[in-house]
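What follows is the residue order along each chain.
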Amino acid sequence: MSTAKMADSLPAELDVVVLGTGLQEAIIAAAYSRIGKKVLHVDRNNYYGGDWASFSFSGLLSWIEECRGQSTSNAGVNWKDKILEGEDAIQLDQIEKTIENVEVFCFASTITEEDVVEEGALENKQSNVDSDSAIANGALTSQDEKDQTSKVMNDEEENPENIKDPDSLLSTKDVSTEIIQPEDIPSSTDVPSPTTSETSVAKELIAADADSSKIKTNNIEQAPDVSSQEVTKQTKKMTYSQIIKNGRKFNIDLTSKFLYARGSLVDLLIKSNVSRYAEFKNINRILAVQEGKVQQVPCSRADVFASKRLSMIEKRMLMKFLTFCLEYEEHPDEYQDFKDCTFSSYLKTKKLTASLQHYILHSIAMISESASTIKGLQATQHFLQCLGRYGNTPFLFPLYGIGEMPQCFCRMSAVFGGTYCLRHSVQCLVVDRETARCKAVIDSNGLRITCEHFIVNDSYLPKKSTKNIQYRYFSRAVLITDSSILKSESEQISILTVPAREDCQPLVRIIELCPSSMTCPQGTYLVHLTCPSNGTAKEDLEPVMYRLFAAYSENKENDSHECEGEKPKVLWALFFNVRDSSAVDRNAYEGLPSNVYVCSGPSAALGFEQSVEQAEAIFHQICPGEEFCPAAPNPEDIIYDGDGARTENAGFGAPSETLNVEREENVDADTAEHGQDKKEKVSEVSAINKMDRESETSSPDTQTLKNSINETEIPKDAE
């Protein structure tokens, strides 16, 4: 469909126009569509998510070039003749301004075979990156290497039987036909991923690979893990050519976060039934760096008593303090005198050993040395309250990356009538002089669209509206490595907080993703580093990178790569700074009409609480009294009578309480009968033992999250 025809097909009158497909915008669009509002959701990019997006490797290279180029987008049709008498216009910005200081380094060999392309690449200009272009874009800095004599290894054939159920695909009538076509949506989510069809194809390829590597849960004897000797041999030959060839098996997040098991996003996914559009994996390990060594931190009650690094006295001290943190509001006399002190100072008064103080501060509370006592107690309590719901850590991660989250809500909006259009934007807002309200928008094709409310991402606002705002920034790094930061017999998703060595340095959060998270191919790990910015991302994060990782070198590999304690090797690295608008107050923007609502981009925080809170607040400002994201019906639950009318209340009850869990666990022979995967119910944890208990039957009104979680079975309490 031509651009002109697409513009003609867009509705001329709407309730809400949403500009930008970040998480907040996606949640708001879903909430309005769900209550019957007419929603148009557009994005100037050719991918969903904005700064929340996930990319394949070639998609990431294209994004890097866009960030560096900062080219002005097409001016579009002249809009000035669309402004009537008694109206003013606010022209919006069409240039991406939220990413700065992009730097790329390649440490793997860049000597490549001719015409190396991604496996399964589709021929469209948005998603393809050829060999020469990829090396030029992604290998800007590399080490001198010996001549590469080994050929790029052939990947195993993908199994088409593992492609997900096509019933989950969006109907083309639900969204703009210019953007979502049947061939564009083969993925498990129903909205195209970055670079349109690129990531959706990657998901099918990854799903096929994953089936051959999963440990079957119905066998007592588990199959060898994918990170064993066979993968180690593959990593020895890892080159940049292989990264390019397996590029569709990467899903690289621009924003690195986890979901708290009892956080606001998990609750919203359950309440709205959007959880059925995604799958999740339990986070296996929480790590700490102490005395130069990476160690696993015991968090649950069972982990504490099973730990061999803690003495019995330390175990009892830790359990006593954590029990207090769960109920600290009930014992104000314990902390009132330390309200004005830092949490680290408060810990020293509790007669905890240095190791325990380090674990609590950096691996449980996950806050800086300067954080207050109240903030530390709140963070520790939140951590402990999330334990036991879906595993022995408080965190979940969506398979295929954080970019799945906005896409899930975009799909819900589309299902309920929302119209979606990528590579499309709004040139200006039309403001009525008399009422000082936005009455219409003019899109990039010159179409004037009347709307009641306008929701825009901060990055689209003109400079005159943001001239008095001092934005914060946070630093990001993405590393592709050849092995885990803490080697183990099975694949693990890990989180590690690295404390600052000097007062002026920031606290750095590291998230390491394994191949079973569907974000990287076998033989590699994807590592995300995040911290508040003091300088450029490279200046902030490179010291931590070299503290825990080593640059990949084929010359040294045969000598010491497999030595115990050897640092994982970095094959490729990306650094960039992201603008953080999460703390900007709405009143700080100048000259905006009262019915224009601004959504911030992602923040450096680990969770999603600020994003969900902002989306809900905007929704209630526009629709006071309406329910925020009520549960959507399951299609299989909708019952029709003979005339095709829906039976009363069919499918609109509370979301299903069954928790679908794929887990890697040790199962008894009796429970493995007929090869059925064991299913865990949500555990309701008592005040003292909230950290770890057997799963128990939930109360009838408890809403649960539909998951696909691979994890180790939670052991019973051990004394």
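Look a little higher up for the structure.
Residues numbered from 1 in each chain as written. Predicted model: local features only at pLDDT ≥ 70, side-chain atom pairs only at ≥ 80, totals over all residues. Heavy atoms only, no water.

S.K.: I would appreciate a short explanation of the overall build of the protein chain in the present structure.
M.R.: Scanning the protein chain from N- to C-terminus turns up 18 helices and 22 strands. Here the protein chain holds 719 residues, and the buried ones make up 58% of them. A separation threshold of at least 6 residues defines the contact pool for the protein chain, and within that pool the share at least 24 residues apart is 76%. Of the roughly 30,100 Å² of accessible surface on the protein chain, a fraction of 46% belongs to carbon and sulfur atoms. (Helix = DSSP H or I, 4+ residues; strand = E, 2+ residues; numbered from the N terminus. Buried < 20%, exposed > 50% of the residue type's maximum accessible area, 1.4 Å probe, protein only. Contact = heavy atoms within 4.5 Å. Areas by Shrake-Rupley, 256 points an atom, 1.4 Å probe, with all protein chains shown as cover.)

S.K.: Explain the pairing of strand 14 (residues 437-443) to me, please; I cannot follow it from the model alone.
M.R.: If a strand is regular, its side chains alternate between the two faces of the sheet. Across the seven residues of strand 14, five count as buried, placing the element largely inside the fold. Alignment of strand 13 (residues 426-432) against strand 14, held across six bridges, turns out to be antiparallel. In the strand pairing of strand 14, V426 is matched with D443. In this structure, strand 14 lies alongside strand 15 (residues 448-457), joined through three bridges in antiparallel fashion. Across the sheet, the residue bridging to V441 is I449, located in strand 15. (Pairing = 2+ DSSP bridges.)

S.K.: Just checking my understanding: could you explain unusual backbone geometry for this structure?
M.R.: Note: most residues except glycine have negative phi, and most peptide bonds are trans. In this structure, E291 takes a positive phi of about 55° despite not being glycine. Structurally, the position occupied by E291 is in the loop between strand 9 (285-290) and strand 10 (293-296). Since its relative accessible area comes to 79%, E291 is described here as exposed.

S.K.: Would you mind going over the packing of helix 10 (residues 312-326) against helix 13 (residues 373-386) with me for this structure?
M.R.: Packed helices, taken two at a time, are described by their axes: the angle between them and the distance between them. For the pair helix 10 and helix 13, interaxial distance at closest approach is 8 Å and the crossing angle is 95°. In terms of orientation, helix 10 lies roughly perpendicular with respect to helix 13. Across the interface between the two elements, L322, F324, C325 and L326 from helix 10 touch L377, T380, Q381, L384 and Q385 from helix 13. (Axes fitted to C-alpha atoms, helices over the stretch in contact; angles between N-to-C directions. Parallel < 35°, antiparallel > 145°, perpendicular 65-115°, else oblique.)

S.K.: Explain the sheet that holds strand 8 (residues 280-282) here, please?
M.R.: Through backbone hydrogen bonds, the strands of a sheet pair up, either in parallel or in antiparallel fashion. The sheet built from three strands is open, its strands ordered 7-11-8 with antiparallel pairing. Taken across any chain shown, the strands that pair with only one partner, and hence form the sheet edges, are strand 7 (259-260) and strand 8. Where strand 8 and strand 11 (residues 395-398) come together, three bridges link them in antiparallel fashion. From the neighbouring strand, K281 faces strand 11, where its bridge partner is F397.

S.K.: Hey, could you run me through the pattern of salt bridges in this one?
M.R.: Where charged atoms from two side chains of opposite charge come close, those side chains can pair. Evaluated as defined, the whole model comprises 15 salt bridges. For R285, the salt bridge is made with E512, and the minimal N-O distance between the two is 3.9 Å. Note that R285 is positioned in strand 9 and E512 in strand 18 (residues 508-513), a separation of 227 residues in sequence. Each of the two residues, R285 as well as E512, counts as buried. In this structure, a network of salt bridges that share partners links the residues E87, D432, K439 and R448. (Salt bridge = Lys/Arg side-chain N within 4 Å of Asp/Glu carboxyl O.)

S.K.: Teacher, can you tell me more about helix 13 here?
M.R.: Residue pairs three or four apart in sequence face the same way in an α-helix, which turns once every 3.6 residues. A rise of 1.5 Å per residue sets the reference length of helix 13, with its 14 residues, at 20 Å; its end C-alpha atoms lie 20 Å apart and thus fit the reference within 8%. Taken as a whole, helix 13 has its buried residues at T373, G376, L377, A379, T380, Q381, F383, L384 and C386. Structurally, helix 13 contributes buried residues whose contacts are with strand 7, strand 9, helix 10, helix 11 (343-348), helix 12 (354-364) and strand 11. The first or second residue beyond helix 13 is G388, which carries a positive phi of 90°. (Expected span 1.5 Å × (residues − 1).)

S.K.: When you look at the packing of aromatic side chains in this model, what are you seeing that I'm missing?
M.R.: To describe a pair of aromatic rings, you give the distance between the ring centres and the angle between the ring planes. In this structure the tally under the stated criterion is 19 aromatic pairs. When the centroid spacing of 5.9 Å and the interplanar angle of 75° are considered together, the rings of F57 and Y240 count as edge-to-face. Of the two residues, F57 sits in helix 3 (residues 57-69) while Y240 sits in helix 7 (residues 240-245), which places them 183 residues apart along the sequence. Comparing F57 with Y240, the two get one shared label, buried. With 5.4 Å between their ring centres and 55° between their planes, F619 and F628 make a pair best called tilted. (Phe/Tyr/Trp six-rings, centres within 6.5 Å; stacked < 30°, edge-to-face > 60°.)

S.K.: Would you explain the environment of L310 in this entry?
M.R.: Secondary-structure assignment places L310 in the loop between helix 9 (301-306) and helix 10. A residue is classified by how much of its surface remains accessible, and L310, at 7% relative accessible area, is buried. Leaving out residues up to four positions away in the same chain, L310 has contacts with P298, K315, L318, L356 and Y359.

S.K.: How do you make sense of the side chain of H453 when you look at a structure like this?
M.R.: With respect to the secondary-structure elements, H453 resides in strand 15. Excluding its chain neighbours within four sequence positions, the residues that come into contact with H453 are D15, V16, V17, R437, N595, Y597 and I622.

S.K.: Mind showing me how you'd approach the nonpolar core here?
M.R.: Proteins that are soluble and globular tend to have nonpolar side chains buried together. Formed by 152 residues in total, the largest nonpolar core has its most connected members in W63 and W572. Counting residues in each nonpolar core, the second largest holds 27 residues, with V17, C421, F454 and L461 among its members. (Core = buried A, V, L, I, M, F, W, Y, C linked by side-chain atoms within 4.5 Å.)

S.K.: How do you make sense of the environment of C421 when you look at a structure like this?
M.R.: Relative to the assigned elements, C421 resides in strand 12 (residues 419-421). You can call C421 buried: its relative accessible area is 1%.

S.K.: It is not clear to me how helix 14 (residues 404-415) should be interpreted in this structure. Could you clarify?
M.R.: Its 12 residues place the ends of helix 14 16 Å apart at the C-alpha level, agreeing with the 16 Å of an ideal helix rising 1.5 Å per residue. In terms of burial, helix 14 is largely enclosed, as 11 of its 12 residues are buried. Where helix 14 is concerned, the buried positions are E404, M405, P406, Q407, C408, F409, C410, R411, M412, S413 and A414. Phi turns positive one or two residues past the end of helix 14, at G417, with a value near 105°.

S.K.: Explanation requested: the environment of C520 in the structure shown.
M.R.: Mapped onto the elements, C520 comes out in the loop between strand 18 and strand 19 (525-532). When the C-alpha positions of C520 and N246 are compared, they lie 8.6 Å apart, and in sequence the two are 274 residues distant. With near-sequence residues (within four places) excluded, C520 lies in contact with K249, F250, L513, C514, P515, Y525 and L526.

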